[in-house]
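# Observations on the three-dimensional arrangement
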Amino acid sequence: MVIVAELLKALEKIEGLRPSTPASAPARSWIPWDVDALAIDVEDDLVCVRVVATRLPLSLAEAGESLRAVLVGTQWEKAVVRIVVTDVDKRALDHLNGA
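Small disclaimer: the values here were computed from a predicted structure and weren't measured.

Before going further, it helps to spend a moment on the overall build of the chain. Scanning the chain for helices and strands turns up 2 helices and 4 strands. Listing every helix and strand of the chain by position from the N terminus yields α-β-β-β-α-β. Per-residue burial over the chain gives 31% buried out of 99 residues. Of all intrachain contacts in the chain linking residues separated by at least 6 positions in sequence, the fraction that spans at least 24 positions is 72%.

What follows deals with the pairing of strand β4 (residues 80–88). As paired elements, strand β3 (residues 46–53) and β4 share 8 bridges and run parallel to each other. Bridging from a neighbouring strand, L46 pairs with V80 of β4. Tracing the backbone out of β3, into helix α2 (residues 60–71) and back to the parallel element β4 gives a crossover that is right-handed.

So, on to the pattern of salt bridges. Applying the stated criterion across every chain, the model contains 5 salt bridges. Linking K9 and E6 is a salt bridge whose minimum nitrogen-to-oxygen distance equals 3.3 Å. Of this pair, K9 and E6 are both found in helix α1 (residues 2–12), 3 residues apart, which corresponds to roughly one turn of the helix. When its relative accessible area of 32% is taken as the criterion, E6 is described as partly exposed. As a salt-bridge pair, R50 and D41 come within 2.8 Å of each other at their nearest N and O atoms.

The next thing to look at is α2. Compared with the 16 Å implied by 1.5 Å per residue over 12 residues, the 17 Å span of α2 between its first and last C-alpha is a close match. Taken residue by residue, α2 has A63, L67 and L71 as its buried positions. Buried residues along α2 cover an arc of 80 degrees about the axis, so they all sit on one side. Away from its buried face by more than 90 degrees, α2 exposes A61, E65 and A69.

The next point concerns the side chain of S59. Position of S59 among the secondary structure elements: in the loop between β3 and α2. Residue classification places S59 among the buried residues on the basis of a relative accessible area of 12%. Within polar-contact distance, the side chain of S59 engages the backbone oxygen of E15 at 3.5 Å. Non-local contacts of S59, meaning those with residues more than four positions away in its chain, are made with I14, E15 and L17.

Counted residue by residue, β3 has 7 buried out of 8 residues, so it is predominantly covered. Bridge count between strand β1 (residues 17–19) and β3: 3 bridges; the pairing is antiparallel. Pairing of P19 across the sheet is with V51, part of β3. Bridging between strand β2 (residues 40–42) and β3 involves 3 bridges; their strand directions are antiparallel. Considered in β3, the bridge of V42 is made with V47. The antiparallel hairpin formed by β2 and β3 contains 3 residues in its connecting segment.

Cut-off values and rules
As a convention, each chain's residues are numbered from 1 in the sequence order in which they are written. Per-residue local features are limited, in this predicted model, to residues with pLDDT of at least 70; the limit for side-chain atom pairs, both in listing and counting, is 80 or more; totals at the level of whole chains, interfaces and linings are taken over all residues. Excluded from the side-chain calculations are hydrogens and water; all other atoms, namely the structure's heavy atoms, are used. In this text, helices come from DSSP runs of H or I with a minimum length of four residues, and strands from runs of E with a minimum of two, each type numbered from the N-terminal end. We call a residue buried when its accessible area falls under 20% of the maximum for its residue type, exposed when it is over 50%, and partly exposed in between, using a 1.4 Å probe and counting protein chains only. Should any heavy atoms of two residues lie within 4.5 Å, those residues are considered in contact. Here, a strand pair is defined by DSSP locating no fewer than two bridges between the strands. Here is how to tell: hold the view so the strands point away, follow the path from the first strand over the helix to the second, and if it runs clockwise the crossover is right-handed. Here a salt bridge means any side-chain nitrogen of Lys or Arg lying within 4 Å of a carboxyl oxygen belonging to Asp or Glu. Helices are assigned an expected span. That span is 1.5 Å times one less than the residue count. To obtain the arc, one takes the directions from the helix axis to the C-beta atoms. By the criterion applied in these results, polar contacts are pairs of N or O atoms within 3.5 Å in which, for protein atoms, one can donate a hydrogen and the other can accept it, and in which residues neighboring in sequence qualify only through two side-chain atoms.

Structure below.
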């Protein structure tokens, strides 16, 4: 789905967030498609993007604006954009330990 690819491109530009893919997903080299697409669900009235935080504080407002911009002019322009943080990468917390 082209819109998913465009949403992933927008997400790539947001520092501190990456797509959240299932832990049970096979190694990327075995899959002929972008496994990151599993992090995005697109329905008529809802676009859900699952992410992992790789840096704190989170840039959710910026991410929401970037994702929303992709939807302008599409059939999902009025859809709710939901960003779900599924995990926090250990490196995002390193600053708490003085690292």
